[in-house]
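Structure assessment
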Amino acid sequence: MQTTENRTEVKAIDCSHFIDGEYVPSINGKTFENINPATEEVLGTVAEGTKEDVDRAVAVARRALRAEWGNMPLRQRSALIRKVGDLILERKEELAVLESLDTGKPIWLSRSVDVERAAYNFHFFADFMTTVGTEAYQQDDIAMHYAVRHPVGVVGLINPWNLPLLLMTWKLAPALAAGNTVVMKPSEVTPMTATVLAQICKDAGIPDGVVNMVHGFGETGAAITSHDDVDAIAFTGETITGSAIMKAAAPTLKKLSFELGGKNPNIIFADADLDDVIETTLKSSFINQGEVCLCGSRIYVERSIYDEFIEKFQDKAKDLRVGDPFHEDTKVGALVSEEHYNKVLSYLDIAKEEGGHFVIGGKAAEGFEKGFFVEPTIITGLNSDSRCVREEIFGPVVTVVPFDTEEEVLHQVNDTHYGLSASLWTTNIKRATRLSAQIEAGMVWVNTWFLRDLRTPFGGMKSSGIGREGGAHSFDFYSELTNVTVKL
Ligand code: NDP
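Okay, so let's go over this structure. (Residues numbered from 1 in each chain as written. Predicted model: local features only at pLDDT ≥ 70, side-chain atom pairs only at ≥ 80, totals over all residues. Heavy atoms only, no water.)

1. A closer look at the overall build of the protein chain
Selection criterion: Per the convention used, a helix needs a DSSP run of H or I reaching at least four residues, while a strand needs a run of E reaching at least two, with both numbered from the N terminus. Here the globule rule is a power law, 2.2 Å times the number of residues to the power 0.38, and the radius of gyration is based on C-alpha atoms. Each residue gets one of three labels from its accessible area relative to the maximum for its type: buried under 20%, exposed over 50%, partly exposed in between, using a 1.4 Å probe on protein chains only. Only heavy atoms matter for contacts: two residues are in contact if any of them lie within 4.5 Å across the pair. Residue-level accessible areas treat just the shown protein chains as cover; the underlying method is Shrake-Rupley with a 1.4 Å probe.
Scanning the protein chain for helices and strands turns up 15 helices and 20 strands. For 488 residues, the compact-globule formula gives about 23 Å, and the C-alpha radius of gyration of the protein chain, at 23 Å, lands near that figure. Projecting the C-alpha coordinates of the protein chain onto the three principal axes gives extents of approximately 70 × 60 × 40 Å. Per-residue burial for the protein chain yields a buried fraction of 59% across its 488 residues. Contacts in the protein chain between residues at least 24 apart in sequence constitute 75% of all its contacts with a sequence separation of at least 6. A total accessible area of about 19,400 Å² is found for the protein chain, and carbon and sulfur atoms account for 51% of it.

2. Overview of the site of the ligand
Applicable threshold: One heavy atom suffices: a residue is near a molecule or strand as soon as one of its heavy atoms comes within 4 Å of it. Identification of polar contacts relies on pairs of N or O atoms within 3.5 Å, with a donor-acceptor requirement for protein atoms, meaning one able to donate a hydrogen and the other able to accept it, and with residues adjacent in sequence counted only if both atoms are side-chain atoms. Only Asp, Glu, Lys and Arg are considered charged, only Ala, Val, Leu, Ile, Met, Phe, Trp, Tyr, Cys and Pro nonpolar, and every remaining residue, Gly among them, polar. Domain ranges listed in this record stem from an automatic or a database domain assignment.
Neighbouring the ligand are 31 residues, the closest being Glu-188, Thr-241, Leu-260, Cys-293 and Glu-392. Between the ligand and Ser-187 there is a distance of 3.4 Å, counted from an oxygen atom to a side-chain nitrogen or oxygen. Measuring from an oxygen atom of the ligand, one finds a backbone N or O atom of Gly-218 at 3.4 Å. When the ligand sits alone it has 900 Å² of accessible area, and the protein chains cover 89% of it. Every element with two or more residues in the shell around the ligand is listed here: α7 (218–225), β10 (232–236) and α8 (239–249). Ranked by residue count, the leading element in the shell around the ligand is α7, at four residues. Partitioning the shell around the ligand into residue classes produces 14 nonpolar, twelve polar and five charged. Residues lining the shell around the ligand come from more than one domain, with at least three contributed by each of domain 1 (3–260 + 463–487) and domain 2 (265–453).

Below, the structure is given as structure tokens:
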């Protein structure tokens, strides 16, 4: 392992639940260990929640909904939400270090994306909530109809490990802006930043009981999703977990928002600006160790530039520095856990069995006695039936396939049960417009990747999700409408 540079004095924390404004242990006192994926050292302990802890958190959240929070004027609630964003920025370095310790991601990325965006999620929704209206219709001289917006109630927020703070705040900020109370469950492998976030909410002045958090494994999540008194679930994670949640939530008919897995295509036509393509494709392939739901893991390149693309792409990708997340030059850190590392390595074995050729990578990164490091990997020679082309690997692994015609590539792009995002590279505006409308994905980027405006709809189609988040879409999920008809 490289020697650590620029590590601040921030220390890992033990993680307790946060219920009714206090850190509390599990009712049964159980904990589990939190492991640093870059060193395999124990970072600390985490309270292991059970159904009883969830019951307690939900009861508190229900009470808080009916108390001060439920009656707080809009401007006051907006100011508190803004303050959460301010306090996240005040504690930026601490949060960035904890995020990198937990996830193994490079510290510069935690600072510039995870924490910055977490703060912006609160700042954005603090502003946005003051602009949200409802519908009103005058029906001649017969009646006036208008809609009144209410919070949904107690909302369960369940999140994965890849962007722990960013994704939790992406749900928490609009849930609070719409007046709900919440029970959050971060991923068992990345519990630290959510633990600090709960205290930040209290410090910002959000009343006790509005923001609650229960740590634990899938059992904790399942207790939230099946709870009688939870009104809605906002979940980001694997498609198979989404399916389990849907089943668990069915008896109580909860409102559901799902952001699930993806196997996103990156489609490169010969008329694209290749330098721009290469720079962005390096990011869309390997940023955050490829552990971003939006990563473009299936790359399709028009045959006339295929060789040149491979040459230039591998040339840059092989220079990406893999290693210590706290080294400022590191581009690819550690994978999040031993379990996930083994899963990614198993796909590299599958690629070999399927006849794939590793242009670069294809194995665990060398030179590390500890930690879950995998080399950035570019695979060619696989056909469209290959498991590595079809299944979500969620690591620094991409497949590259040549294509000859627009029709052929469109067929391959859509030949998947996923439908989260796609990138399309062409300077032909007609083709860009035509294809964007035909690609089965919730988000299509043309000549870019990951560019977001938080007002726009975010989410996937097919097995990549249900519903959309962002701006008014988040508000629609986190609120209920009552239509009032007044006879004139
Ligand atoms: P998981 O689905 O394994 O876990 C997500 C969360 O759900 C965790 O907190 C987990 O707890 C919890 N959970 C597990 N089982 C249950 C259950 N039965 N009921 C309720 N909650 C449960 O996802 P990962 O953490 O592995 O995250 C990676 C996945 O997330 C990838 O598929 C990726 O594509 C997807 N993702 C999607 C995004 C999108 O916007 N579409 C964005 C980011 C990631 P525990 O960790 O304790 O098991």
